[in-house]
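Coordinate analysis (summary)
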Amino acid sequence: MAWRMLKAAAQLPPPALPAGRRSFGCPKMAESASLYCGGQSLLGSVRDLPDLAARLVKPVQAGAEGEMPAGYTYLGQLLAHDLCTPTEGEFDYALSDPAPELTRTTVTQAERTQPLHLESLFGPVSADLSLPELHRFPPAPLFYPYFAADITRRKPASGLGRTLGALPDTRNDDNPMIAQLSALFIAHAGAVTTRLAARGHSPADSLRGAKTATVRMWHGLLLRDLLPRLALPALADTPADLGPPGAADIPVEVMAAILRAGHWLVRSQYRLNVNTVPVRLLLRGDPDIAALRARPGAENFWRIDWRNFFDLDLLSPPQKAMRMEGGLAAMFGSDFGLPDAMEIHSSLVTSDNDLALRDLARSTDGGLQSVSSLATRLAPALRSRFPDWLLWDGPARAKLISDWCNACGHLAPPHLAADPPLYLYTLLEAGRGPATQGFGDGLRLGALGSALLWGAIRAAVETAEAALPDAPVDPDMPDIPDMPSLIRFLTLNSGV
């Protein structure tokens with residue numbers, strides 16, 4: 001945000017939120033007294049973060065296996081991209097001198113007119129825009145029995161840089177996992193378009209109806225399939241955002257802290273099909289994927305066998321995400337996953353922890369409400385149902401932070417235990433501990449993270465549903481409650 005470029009005397013919290021953000025449970029920004037202020041000084045607070053980020057990084061192969069099939073971590077990435085565009089800017093603080101201006105010129109993020117309308121894939125649902133073109137892999141039912149497609153990429157006009165798919169938000173082409181996951185939703189819209197056209201609807205009506213049907217399916221997948229895996233199912237009935245209905249802006253607490261929990265789940269390497277590929281290679285991308293696929297015998301380069309990522313075949317169990325505890329895998333550092341233009345300011349470089357540092361920074365200076373303020377906001381709706389939650393006990397929360405810092409040898413500043421960044425508290429609460437106290441046992445977010453995620457996404461889905469245009473419906477369209485059902489539907493309707 002622009003305020004980060006203020007002089008070192010700048011104080012926390014920031015004076016305003018980015019466009020398209022609000023505080024959880026509020027129509028706009030919460031009162032300043034309820035916002036996280038850390039060490040109050042921006043300079044002091046951000047200088048606390050590199051050492052803290054170093055404690056959040058674990059060895060590449062560390063981390064016990066959880067229950068969540070690995071594909072859902074990338075579905076969470078699609079959710080984040082579909083909620084809103086990134087407005088936080090780079091992690092560049094003017095500590096001793098101005099940071100260099102850095103931009104990602106090869107990546108575009110179209111503005112959202114409506115969150116959760118899959119505008120990151122389709123653009124506005126009501127606009128007469130054709131679906132993005134897909135690359136179809138050659139049929140290989142013996143080795144790849146389920147549908148698979150990818151985003152069709154084109155070389156940049158300059159000839160420089162890697163090929164990117166023609167998507168409204170090219171973050172959805174950052175790696176083969178998110179690209180081919182996006183292709184599933186585009187393929188679904190294509191299949192519904194064909195079905196509606198066969199019922200006699202015009203091309204424009206068929207396309208609009210297909211996009212609308214795919215968006216509604218997306219909402220169902222979020223509420224019935226993804227969120228129960230990320231958040232405690234007992235909190236699925238959390239009142240929608242505990243705030244005024246109809247607000248389309250996304251709570252900054254969800255974008256800048258809660259959804260960052262997905263970074264703790266990603267393993268160091270995954271088996272795409274018959275191969276095991278380090279995630280750092282998936283993140284880095286190849287300069288010309290189409291050219292690589294044109295080589296003899298390489299037609300299935302980077303093809304995803306979805307059995308490796310979702311529960312599709314009892315004889316081929318999927319790979320699992322890591323347990324949500326301990327921190328980020330060490331592969332996430334400036335040497336691997338991040339574009340060159342996202343190096344951190346030289347004043348903050350102490351270790352190879354760019355992603356952990358960036359996640360902490362967003363939770364520290366992004367204008368989020370403090371943990372204690374959020375607990376106060378949630379208490380009227382939830383305390384009587386869950387009286388033993390750690391969330392209601394300030395000294396117990398402080399002990400959770402202090403014990404973690406002591407266990408990893410981190411000399412924490414006094415303000416950290418009293419008022420931790422939401423990102424840090426949420427992820428420690430997701431770790432091992434009594435379920436009655438609101439811990440997630442490493443499998444899901446804990447009490448606070450779960451309540452915020454359920455409430456915010458349910459509110460966003462309700463708002464998105466109300467904003468969908470009138471469109472024709474296929475009454476014979478089968479229900480698709482989860483990702484395996486979507487893949488099976490596409491397999492049966494794609495000629496594979």
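Residues numbered from 1 in each chain as written. Predicted model: local features only at pLDDT ≥ 70, side-chain atom pairs only at ≥ 80, totals over all residues. Heavy atoms only, no water.

Looking at an unreviewed UniProt entry, one finds the protein chain named Animal haem peroxidase and attributed to Gemmobacter nanjingensis.

Once that is clear, we can look at the overall build of the protein chain. Regarding its fold elements, the protein chain presents 15 helices and twelve strands. Here the protein chain holds 496 residues, and 57% of them are scored as buried. Contacts in the protein chain between residues at least 24 apart in sequence constitute 78% of all its contacts with a sequence separation of at least 6. Accessible surface computed for the protein chain: about 19500 Å², of which carbon and sulfur atoms make up 56%. (Helix = DSSP H or I, 4+ residues; strand = E, 2+ residues; numbered from the N terminus. Buried < 20%, exposed > 50% of the residue type's maximum accessible area, 1.4 Å probe, protein only. Contact = heavy atoms within 4.5 Å. Areas by Shrake-Rupley, 256 points an atom, 1.4 Å probe, with all protein chains shown as cover.)

Taken as a whole and judged by the stated rule, the model has 15 salt bridges. Note that Asp205 is salt-bridged to Arg208, the shortest N-O span being 3.0 Å. You can see Asp205 and its partner Arg208 sitting in helix 5 (residues 203-230), three residues apart, about one turn around the helix. For Asp205, a relative accessible area of 28% puts it in the partly exposed group. (Salt bridge = Lys/Arg side-chain N within 4 Å of Asp/Glu carboxyl O.)

Our focus in this paragraph is the side chain of Thr212. Within the secondary structure layout, Thr212 lies in helix 5. The exposure class of Thr212 is buried, given its relative accessible area of 2%. Once you skip the residues sitting within four places of it in the chain, Thr212 turns out to touch Val125, Leu468, Pro469 and Ala471.

One finds Phe185, Trp306, Leu453 and Met483 to be the most contacted residues of the largest nonpolar core, which totals 123 residues. Those residues within four positions of Phe185 in sequence are excluded, and the remaining contacts are Leu75, Leu78, Leu118, Leu121, Phe122, Thr214, Met217, Trp218, Leu221, Met483 and Leu486. (Core = buried A, V, L, I, M, F, W, Y, C linked by side-chain atoms within 4.5 Å.)

In this section: the packing of aromatic side chains. Applying the stated criterion to the full structure yields nine aromatic pairs. Arranged with centres 5.3 Å apart and planes meeting at 10°, the rings of Phe301 and Trp302 form a pair that is stacked. Ring pairing ties together the aromatic residues Tyr72, Tyr74, Tyr270, Trp306, Phe309 and Phe310, which thus form one cluster. In this structure, Arg295 packs its charged tip against the face of Phe301, placed 5.9 Å from the ring centre. (Phe/Tyr/Trp six-rings, centres within 6.5 Å; stacked < 30°, edge-to-face > 60°. Lys NZ or Arg CZ within 6 Å of the ring centre and 35° of its normal.)

Okay, the packing of helix 4 (residues 176-198) against helix 15 (residues 483-492) next. In the contact formed by helix 4 and helix 15, the axes pass within 10 Å of each other and the chain directions differ by 55°. Regarding the angle of helix 4 to helix 15, the classification is oblique. By crossing handedness, the relation of helix 4 to helix 15 is classed as left-handed. On helix 15, the residues that touch Leu181, Leu184, Phe185, Ala187, His188, Ala191 and Arg195 of helix 4 are Met483, Leu486, Ile487, Phe489 and Leu490. For the contact of helix 4 with helix 15, the class distribution of residues is ten nonpolar, one polar and one charged. (Axes fitted to C-alpha atoms, helices over the stretch in contact; angles between N-to-C directions. Parallel < 35°, antiparallel > 145°, perpendicular 65-115°, else oblique. Left-handed = near helix turned anticlockwise from the far one by under 90°. Nonpolar A, V, L, I, M, F, W, Y, C, P; charged D, E, K, R; others polar.)

Here we take up the packing of helix 10 (residues 371-382) against helix 14 (residues 447-466). Closest axis-to-axis distance for the helix 10/helix 14 pair is 11 Å, and the angle between their directions is 70°. If you check the angle between helix 10 and helix 14, you find them roughly perpendicular. Of the residues in helix 14, those touching helix 10 at Val371, Leu374, Leu378 and Leu382 are Leu448, Ala451 and Leu452. Split into classes, the residues belonging to the contact of helix 10 with helix 14 amount to seven nonpolar, no polar and no charged.

Position of Glu253 relative to the elements: it lies in helix 6 (residues 252-256). Leaving out residues up to four positions away in the same chain, Glu253 has contacts with Arg22, Ser23, Phe24, Ile258, Leu368, Gln369, Leu374, Leu422 and Leu452.

Positioned with a positive phi, Trp302 is a non-glycine residue whose angle comes to about 70°. Take Trp302: it is sitting in the loop between helix 8 (289-293) and strand 11 (320-322).

With respect to the helices and strands, Lys28 occurs in the loop between strand 1 (21-22) and helix 1 (42-55). Along the primary structure Lys28 and Ile250 are separated by 222 residues, whereas in three dimensions their C-alpha atoms are 10.0 Å apart. Excluding anything up to four places from it in sequence, Lys28 contacts Arg22 and Ser23.

Moving on, we come to helix 11 (residues 394-407). Owing to its 3.6 residues per turn, the α-helix aligns residues three or four sequence positions apart on the same side. Its 14 residues place the ends of helix 11 20 Å apart at the C-alpha level, agreeing with the 20 Å of an ideal helix rising 1.5 Å per residue. Close packing links the buried residues of helix 11 with helix 1, helix 10, helix 12 (414-418) and helix 13 (422-429). Looking one or two residues past helix 11, Gly409 carries a phi angle of roughly 70°, positive in sign. (Expected span 1.5 Å × (residues − 1).)

Moving on: helix 10. Over its twelve residues, helix 10 runs 15 Å from end to end, which matches the ideal 16 Å to within 8%, given 1.5 Å per residue. Buried residues of helix 10: Val371, Ser373, Leu374, Ala375, Leu378, Ala379 and Leu382, and no others. Where helix 10 is buried, its residues meet helix 6, helix 11, helix 13 and helix 14.

Across the protein chain, the average pLDDT comes to 82, with 80% of residues at or above 70. Predicted confidence in the protein chain is weakest over helix 7 (residues 279-284), with a mean pLDDT of 58, and strongest over helix 5, with 97. Predicted confidence for residues 88-106 stays below pLDDT 50, and this span has 57 contacts to residues more than four positions away or in other chains. Confidence drops under pLDDT 50 across residues 332-352; counting only partners more than four residues distant or on other chains, this segment forms 56 contacts. (pLDDT = per-residue confidence, 0-100.)

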